[in-house]
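One-letter residues, chain by chain:
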Amino acid sequence: MVAEKKILYIDLDNTLVDFKTGISRLQKRHLKDFYGRLDEVPHIFSIMDPMEGAVDAYIELSTLFDTYILSTAPWMNPQAWQDKVLWVQLHLGVEKDSPAYKRLILSHHKNLNRGDFLVDDRPNNGAAEFDGKLIVFGGDDHPDWESVLTYLRTQA
């Protein structure tokens, strides 16, 4: 009997996606007009790069775990919902055999998802109430993707 893989969720913003690269590409008027709510700039999510090592890490983890992307999209930025799908397709593939094919979940209530691990940079949107283990990306214990991989390889 083959054991089932554990379920792993990975956040997008500031975890797989480098949000700062999107901010650095904004026009000055957007920085002013959307001050304090830059995630509402139309199409900001389409201009962001992956975090260093994130794509390779996701691909490896998808072989070890039943892996999903679990992200929140800004309620006041409907383009963000589409842009997040397009970002995943661009960086992880659109083909049926790609590691993220139909594995994107957008929710403001991450705690409603059942699983073993959640890699997220913040405890917001239900991440702190997630029933599995929250791995804080960018924190002291897991500052980068190599440290996350080192830990999760032992948990697969």
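- UniProt annotates the chain under Sequence similarities (unreviewed entry) with the comment "Belongs to the 5'(3')-deoxyribonucleotidase family."

1. Some remarks on the overall build of the chain
Piece 1. Helix and strand content of the chain: 5 helices and 7 strands.
Piece 2. Counting from the amino terminus, helix and strand elements in the chain follow one another as β-β-α-α-β-α-β-α-β-β-β-α.
Piece 3. Taking 156 residues into account, the globule formula puts the C-alpha radius of gyration at 15 Å, and the chain, at 15 Å, falls close to it.
Piece 4. A sequence separation of at least 24 residues applies to 64% of the contacts in the chain between residues at least 6 apart.
Piece 5. Only carbon and sulfur atoms are counted for the fraction: they give 52% of the accessible area of the chain, which is about 8900 Å².

2. Section: the pattern of salt bridges
Piece 1. Taken as a whole and judged by the stated rule, the model has 8 salt bridges.
Piece 2. The salt bridge involving R37 is made with E40; its shortest N-O contact spans 2.8 Å.
Piece 3. A relative accessible area of 35% places R37 in the partly exposed class.
Piece 4. Two residues, R103 and D66, come together in a salt bridge whose shortest N-O distance is 2.8 Å. Of this pair, R103 sits in the loop between α4 (78-92) and β5 (104-106) while D66 sits in strand β4 (residues 66-71), placing them 37 residues apart in sequence.
Piece 5. Residues joined by salt bridges that share partners form a network here, namely D11, K110 and D120.

3. As for the side chain of S71
Piece 1. Within the element layout of this structure, S71 appears in strand β4.
Piece 2. The class for S71 is buried, based on a relative accessible area of 0%.
Piece 3. A polar side-chain atom of S71 sits 2.7 Å from a polar atom in the side chain of K84.
Piece 4. Sequence-distant contacts of S71, defined by excluding residues within four places in its chain, comprise D11, L12, D13, K84, I105, L106, S107 and K110.

Criteria and cut-off values
Residues numbered from 1 in each chain as written. Predicted model: local features only at pLDDT ≥ 70, side-chain atom pairs only at ≥ 80, totals over all residues. Heavy atoms only, no water. UniProt positions renumbered as here; feature names shortened; annotations may be inferred. Helix = DSSP H or I, 4+ residues; strand = E, 2+ residues; numbered from the N terminus. Rg over C-alpha atoms; globule rule 2.2 N^0.38 Å. Contact = heavy atoms within 4.5 Å. Areas by Shrake-Rupley, 256 points an atom, 1.4 Å probe, with all protein chains shown as cover. Salt bridge = Lys/Arg side-chain N within 4 Å of Asp/Glu carboxyl O. Buried < 20%, exposed > 50% of the residue type's maximum accessible area, 1.4 Å probe, protein only. Polar contact = N/O pair within 3.5 Å; in protein donor to acceptor, adjacent residues only side chain to side chain.

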